[in-house]
Amino acid sequence: MPDLDGSTALIVVDVQNDFADPAGSLYVRGGEMTVSVANDLIERVLQVGGRVFYTQDWHPERTPHFQIDGGVWPIHCVRDTWGAELQAALRIAGPVVRKGSNGEDGYSGFTMRDPATGETMPTALDDLLQSAAIERLVILGLATDHCVKSTALDAASLGYQTTVVRAGIRAVDLVAGDGERALDAMREAGVFID
Ligand code: VGL
Ligand code: ZN
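Residues numbered from 1 in each chain as written. Chains lettered and ligands numbered in written order. Predicted model: local features only at pLDDT ≥ 70, side-chain atom pairs only at ≥ 80, totals over all residues. Heavy atoms only, no water.

Novice: Residues and numbers for unusual backbone geometry, please.
Specialist: With an omega dihedral of -10°, the bond running from L142 to A143 counts as a cis peptide bond. Here A143 shows up in the loop between strand 6 (136–142) and helix 4 (144–157). Although it is not a glycine, C77 adopts a positive phi angle of roughly 45°. Relative to the assigned elements, C77 resides in the loop between strand 2 (51–57) and strand 3 (96–99). With a phi close to 65°, D80 is a non-glycine residue in the positive phi region. One can find D80 in the loop between strand 2 and strand 3. (Helix = DSSP H or I, 4+ residues; strand = E, 2+ residues; numbered from the N terminus.)

In structure tokens:
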């Protein structure tokens, strides 16, 4: 585990019912295991004066992100539904940054891609971290091969010292090995995998 201090933020990525509950529409095997790992780290980060932030996949009912509209995913995390809610057992101790709200894929907690123009725009996350004088990030949640990966890669390129906690992530593995390849890509980008 990385050293945690007051300049550390824990980013809890998409620990939502559709990914983390066996009844969820895009259930990630073992996803429910991320909750207790997150809660333990939340406690530890807060104890040393660090901060906690959450991301939440938050889609409209129809979006090119979903299979029915040409994407690769079953319908999931539709705003204001049970599936989009953060897991009930997850301790909430900081701001929640929503993504995907405008029909973009929104895999990263840091950026949104406009589906029409392809342009990327920042979410509020980097500003929130800057305002809190955060220098180091510890990332966990769902899923390793999509939102955790994109968020960690953006974090590293924004200059944060970034660690992904292996015990606190799970992969979709749409194609077998996606999770392992995501870990390799993160390592190559300078992300620590702990
Ligand atoms: C995610 C697939 C589709 C994720 C979000 O949170 O990793 N994966 N939407
Ligand atoms: Zn999604």
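Novice: Before we move on, can you summarise the state of the cysteines with the specific residues and values?
Specialist: Scanning the model with the defined rule gives 0 disulfides in all. Looking at the unpaired C77, the closest cysteine sulfur is the one in C147, lying at 8.6 Å. Classification of C77 by relative accessible area gives buried; the value is 0%. According to the relative accessible area criterion, C147 is buried, its value standing at 5%. (Disulfide = S-S within 2.5 Å. Buried < 20%, exposed > 50% of the residue type's maximum accessible area, 1.4 Å probe, protein only.)

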